[in-house]
Amino acid sequence: MDLNNIVEIKKLRQLSHEQSICEDCDMSIFFALGSALLIALGTFLTKSVTIRLPGFSAVGVLFYLNAIVIALASFFMPIWNPMDISDITRALLGGVTTALGAYLIFLIVSRSSASAAGVGQSISPGAVLILSPLLLQSSVSPLQVALVLFIIFAALIPLRTAIESTSSLASFSLLGAIGLCNGLTTILISLQLSNDMELIQILLIQQFVAGSLFVAFYPPKGFTMSDYVALSRRSIFMGLGWILTVAALTSGSAIFVQSTLATVPILILIMETISQHKRPKINVVVSAILASTGIILLSTIFV
């Protein structure tokens, strides 16, 4: 029996299994692409929010609106499991890191662009890889850490002058801090999932806690109905993006999903270029490309 016959026999043995998962794989691709586009749209609209409602008074409202959108997913996904003290503590910490990350994102968007903030968000998988030995007891080699640090530095250095009224070191630190906050939030979510909490449940708590922190420190004042409509549009895009991310991870490859989401900074750049009718700054283009390709590289190498 030659090699081709052996391959054909293996294909026949796996045919029924492949037929059952083929549709899920196709849907996973659709979900991943949709989530990247929606998250890019939501991040892109952050700039218009900072122009329409300066400061941070709108952020708390956005988190509450995000929670409403996510709650709608509870009709289609399991939503609530019992929680112990450690679950509650991690959920509250996740809300704090989410709020801190949002503060940094809105600060950078108000002084620079949504694409610059998108680069900071996109490096979060690198932060997860570096922090995982401490918080997830994962095994990471020094070579892996060195490669991750190189990718992060290479992606952020072009943006060292991208934030107005901020020094190069401060700009670099702010962008890196976004990735760190998102990475910590991801690790906290992973720990909660391993303790049988549902992702919709986790996201709801995080959004509510983060929203409450912003409302306490930056209470919304003087909002009109049109303001709430504008904020709802961004929340719908972001909330649906997260829900599609969950659906993609549930039905497909995590590597493909992470690689697809790594293109978000490039998508934001395209949206900014179309809306502003001018060429993007070269340093932002270089940084977005380096961040996207670097994270895709990490996703494919460190399986």
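Rules of the game
Residues numbered from 1 in each chain as written. Predicted model: local features only at pLDDT ≥ 70, side-chain atom pairs only at ≥ 80, totals over all residues. Heavy atoms only, no water. Helix = DSSP H or I, 4+ residues; strand = E, 2+ residues; numbered from the N terminus. Buried < 20%, exposed > 50% of the residue type's maximum accessible area, 1.4 Å probe, protein only. Axes fitted to C-alpha atoms, helices over the stretch in contact; angles between N-to-C directions. Parallel < 35°, antiparallel > 145°, perpendicular 65-115°, else oblique. Left-handed = near helix turned anticlockwise from the far one by under 90°. Contact = heavy atoms within 4.5 Å. Nonpolar A, V, L, I, M, F, W, Y, C, P; charged D, E, K, R; others polar. Phe/Tyr/Trp six-rings, centres within 6.5 Å; stacked < 30°, edge-to-face > 60°.

S.K.: Would you mind showing me how to read unusual backbone geometry here?
M.R.: Peptide bonds are trans in most cases, and residues, glycine excluded, mostly fall at negative phi. Here the phi dihedral of Asp196 falls at roughly 70°; this positive angle occurs in a residue that is not glycine. Mapped onto the fold, Asp196 is located in the loop between helix H7 (168–194) and helix H8 (199–217). The exposure class assigned to Asp196 is exposed, which follows from its relative accessible area of 57%. Despite not being glycine, His277 shows a phi value in the positive range, around 55°. Tracing the sequence through the fold places His277 in the loop between helix H11 (264–276) and helix H12 (282–301). Residue class for His277 comes out exposed when judged on its relative accessible area of 71%.

S.K.: I tried to follow the packing of helix H2 (residues 57–72) against H8 on my own but got confused; where do I start?
M.R.: Each packed pair of helices is defined by two parameters, the angle between the axes and the distance between the axes. In contact at an axis separation of 7 Å, H2 and H8 are set at 160° when each is read in the N-to-C sense. Relative to H8, the element H2 is oriented roughly antiparallel. In the packing of H2 onto H8, the handedness of the crossing is left-handed. Where H2 approaches H8, its residues Val59, Gly60, Phe63, Tyr64, Asn66, Ala67, Ile70 and Ala71 are matched on the opposing element by Ile200, Leu203, Leu204, Gln207, Phe208, Ala210, Gly211, Ser212, Phe214 and Val215. Here the contact of H2 with H8 is built from residues that sort into 13 nonpolar, five polar and no charged.

S.K.: Would you mind showing me how to read the packing of aromatic side chains here?
M.R.: Think of a pair of aromatic rings as described by two things: how far the centres are apart, and how the planes are tilted against each other in angle. Counting across every chain of the model gives eight aromatic pairs. Here Phe30 and Phe31 contribute two aromatic rings whose centre-to-centre distance is 5.9 Å and whose plane-to-plane angle is 55°, an arrangement assigned as tilted. Connected via pairs of aromatic rings, a cluster forms that spans Phe56, Phe63, Tyr103, Phe214 and Tyr218.

S.K.: Is there a simple way to explain H2 in this structure?
M.R.: An α-helix turns once per 3.6 residues; consequently, residues spaced three or four apart project the same way. Most of H2 is tucked away: twelve of the 16 residues are buried. Where H2 is concerned, the buried positions are Ser57, Ala58, Val59, Gly60, Val61, Leu62, Phe63, Leu65, Asn66, Ala67, Val69 and Ile70.

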